[in-house]
Amino acid sequence: MGSKSAEFYNLFSEWSESQLLEYLREHGQRINPGTPLELLKSLCADIAEETARQSRQPVPRAMPPAGGAKKKAFVCGINYIGTRSQLNGCINDARCMHYLLRHRLGFMDEHILFMSDDHPDPARRPTRANILQGLTWLVTGMRPGDSLVFHYSGHGSQERDHTGQEADGMNETLVPLDHQYAGQISDDLINQIIVRPLPQGVKLHAIIDSCHSGSMLDLPFIAPCNNGMLHWIAQYPHPGVAASKGTSGGFAVQFSASADHEYAADTRNLSGGVATGAATFSFIQAIERRGLNITYGQLVTEMYQTLMYAGLGQNAGGYGQMNGIFGSLMSQSSRLRGQTPSISANYAFDFNAPFKV
């Protein structure tokens, strides 16, 4: 065993058999009963080492040139086509977000990295390795004045937190296309790659449209939109943990589809039968409706209102006909309930601040 492999093996040296088995299950491994404890530790070490290796991989040449752009975006939509967990609206979400970035927010196409499971280029399909490389690309070559965007629409999940940092004992995760054998992407790793390195003068906006997305970037402060009201809550009471989850002087903010314990809708109820993620739809529609002078607080509360009242129809007090990227909201008979949009950030700021990307 090499020194590097031994380093990862030692991470699991004190783990119990149940902890090792849970870690392996979370990474899609199926273990036969009676497998020796030392082999379990070795398998866990192999997964941890591969995860670390993937997170350090250089940016492939097929991606847009790193650095030099004032605005860069990584847009990812996963429908899991042909699987039992197939979704319908996530690739549509990614295409609509790409349109918004290009035609409303001033991003150049050559500085937008787009991934989807139907992309003809294998390097642009949202496997675990490709997503990690995309996140690394996003923050490569950052300079003061840069504006970065990460949009993800797909499955979100949870894994057991073994650090004791999470109040609910769970890490939130993105679910890549190849998650069954490559594993998921934890909020800890996302924070490490795109939040911690942000220097002063650089801002990051993330829009995460998935289940369990409330704290997907592990930012220190969160404001769920409860009954249309926003109030900052410190996620990590211990100052040392909070400091370790912040930036290196930059500004990071996340718009999420749901609280950590909630699911998020993939629905046809919002845009005339076209499948979309409810949160991505409501985010884009808020900007379309309010314009670019919208504040952060207005954006989240508009998302909340759309999720609560979409589909009631004009005669019942809903939004009725709307123009823009998605077209009109259609009259439906039921409300979308069960998901609470929220905003999180590396510090608690004024909700009346203008939304600037």
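Residues numbered from 1 in each chain as written. Predicted model: local features only at pLDDT ≥ 70, side-chain atom pairs only at ≥ 80, totals over all residues. Heavy atoms only, no water.

Participant: How would you sum up empty space enclosed by the protein? Please name residues and give values.
Facilitator: Per the counting criterion, the structure on display carries one cavity of 30 Å³ or more. By volume, the largest cavity is sized at about 40 Å³. Around the largest cavity, the lining residues are M97, L101, L105, V149, H205, I207, F283, F355 and V357. Listing elements by their share of the lining of the largest cavity, those giving two or more residues are α4 (90-103) and β7 (203-209). A class-by-class count of the residues in the lining of the largest cavity yields eight nonpolar, one polar and no charged. (1 Å grid on protein atoms, 1.4 Å probe; cavity = no way out; pocket = protein on both sides within 12 Å on 5 of 7 lines; lining within 4 Å. Points joined across faces, edges and corners; volume = space filled by probe spheres on them. Helix = DSSP H or I, 4+ residues; strand = E, 2+ residues; numbered from the N terminus. Nonpolar A, V, L, I, M, F, W, Y, C, P; charged D, E, K, R; others polar.)

Participant: Kindly report on the sheet that holds strand β9 (residues 233-234), identifying the contributing residues and their values.
Facilitator: Sheets are built from strands paired through backbone hydrogen bonds, the pairs being either parallel or antiparallel. Reading across the sheet, the eight strands line up as β2-β1-β3-β7-β10-β13-β8-β9 and stay open at both edges, with mixed pairing between neighbours. Strands with a single pairing partner mark the edges of an open sheet, and in this sheet they are β2 (112-116) and β9. For strand β1 (residues 71-77) and β2, the ladder comprises five bridges, and the chain directions are parallel. Bridging from a neighbouring strand, A73 pairs with I112 of β2. This element, α4, spans β1, β2, β3 (147-153) and β7 of the sheet and lies at about 165° to β1. (Pairing = 2+ DSSP bridges. Contact = heavy atoms within 4.5 Å. Axes fitted to C-alpha atoms, helices over the stretch in contact; angles between N-to-C directions.)

Participant: If you had to explain the packing of helix α5 (residues 128-139) against helix α7 (residues 187-195) to someone new, which residues and values would you point to?
Facilitator: Where α5 meets α7, the closest approach of the two axes is 8 Å, and the angle between their N-to-C directions is 30°. Overall, the two elements α5 and α7 adopt an arrangement that is roughly parallel. Of the residues in α7, those touching α5 at R128, L132, L135, T136 and V139 are L189, I193 and I194. A class-by-class count of the residues in the contact of α5 with α7 yields six nonpolar, one polar and one charged. (Parallel < 35°, antiparallel > 145°, perpendicular 65-115°, else oblique.)

Participant: Residues and numbers for the environment of L43, please.
Facilitator: You can see L43 is positioned in helix α3 (residues 37-55). By relative accessible area, L43 is classed as partly exposed at 28%. Excluding its chain neighbours within four sequence positions, the residues that come into contact with L43 are L24 and I31. (Buried < 20%, exposed > 50% of the residue type's maximum accessible area, 1.4 Å probe, protein only.)

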